[in-house]
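# Inside the fold
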Amino acid sequence: PFVAGSTMIATVLKTGAGIKQLNEGDWVVPHKPGSEFGAWASIAVVREKDLIKIPTDLMPLEYAAMHRELCVAYRLLEDHGDLKP
């Protein structure tokens, strides 16, 4: 089924047991563009592995303007960049 709204910037309201990378108040975007989170919803439950934490030093509007570019760049680097720590 089609789920409306896949582009989002969200604030983590609560975390559950076993969450290691995210904290309450963190800003996040979907890990994969087109993820079917239903971003038009007020509240959603999402797995940690499906989110990317982003810095809070920019305004949400600035992130929204470059949301797609962030996801594309991340996927290109992660999938094809042979990145190593």
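Described below are features of the structure shown in this document. (Residues numbered from 1 in each chain as written. Predicted model: local features only at pLDDT ≥ 70, side-chain atom pairs only at ≥ 80, totals over all residues. Heavy atoms only, no water.)

## Some points on the sheet that holds strand E3 (residues 51-54)
Quick note on the threshold: Strand pairing is defined by DSSP finding a minimum of two bridges between the two strands. For the purposes of this entry, the term helix denotes a DSSP run of H or I that reaches at least four residues, the term strand denotes a run of E that reaches at least two, and both are numbered from the N terminus.
Spatially, 3 strands are ordered E1-E2-E3 in an open sheet, and the strand pairing comes out antiparallel. Of all the strands in the sheet, just strand E1 (10-11) and E3 have a single pairing partner and so form its edges. Pairing between E1 and strand E2 (residues 27-30): 2 bridges, direction antiparallel. Residue Ala-10 lies in a different strand from E2, and its bridge partner there is Val-28.

## Details of the layout of surface pockets
Quick note on the threshold: The definitions used throughout rest on a 1 Å grid laid over the protein atoms alone, on which a cavity is an enclosed set of points accommodating a 1.4 Å probe that cannot get out and a pocket is an open set flanked by protein within 12 Å on both sides along at least five of seven lines; lining residues are those having an atom within 4 Å of a point. Grid points are joined across faces, edges and corners, and a volume is the space filled by probe spheres set on the points. Asp, Glu, Lys and Arg are counted as charged, while Ala, Val, Leu, Ile, Met, Phe, Trp, Tyr, Cys and Pro are counted as nonpolar; the rest, among them Gly, fall into the polar class.
Volume-wise, the largest pocket comes out at about 550 Å³. Around the largest pocket, the lining comprises 24 residues; the ones closest to its centre are Thr-11, Val-12, Ala-44, Val-45 and Val-46. Looking at the lining of the largest pocket, its residues break down into 16 nonpolar, 5 polar and 3 charged.

## Structural notes on the pairing of E2
Of the pairings in the sheet, the one linking E2 to E3 comprises 4 bridges and is antiparallel in character. Note that in E3 the partner of Trp-27 across the bridge is Ile-54.

## Re the side chain of Glu-48
Cut-off, in case you're wondering: We call two N or O atoms a polar contact when they sit within 3.5 Å, provided that within protein one can donate a hydrogen and the other can accept it, with sequence-adjacent residues counted only if both atoms are side-chain atoms.
Looking at the element boundaries, Glu-48 is found in the loop between E2 and E3. A polar contact of 3.2 Å, which involves the side chain of Glu-48, links it to the backbone nitrogen of Lys-20. For Glu-48, the side chain forms a polar contact with the main-chain nitrogen of Leu-22, separated by 3.3 Å.

## As for the environment of Lys-53
Stated formally: What makes two residues a contact is simply this: any of their non-hydrogen atoms within 4.5 Å.
Of note, Lys-53 is situated in strand E3. Sequence separation between Lys-53 and Thr-11 is 42 residues; the distance between their C-alpha atoms is 9.6 Å. Non-local contacts of Lys-53, meaning those with residues more than four positions away in its chain, are made with Gln-21, Leu-22, Asp-26, Trp-27 and Val-28.

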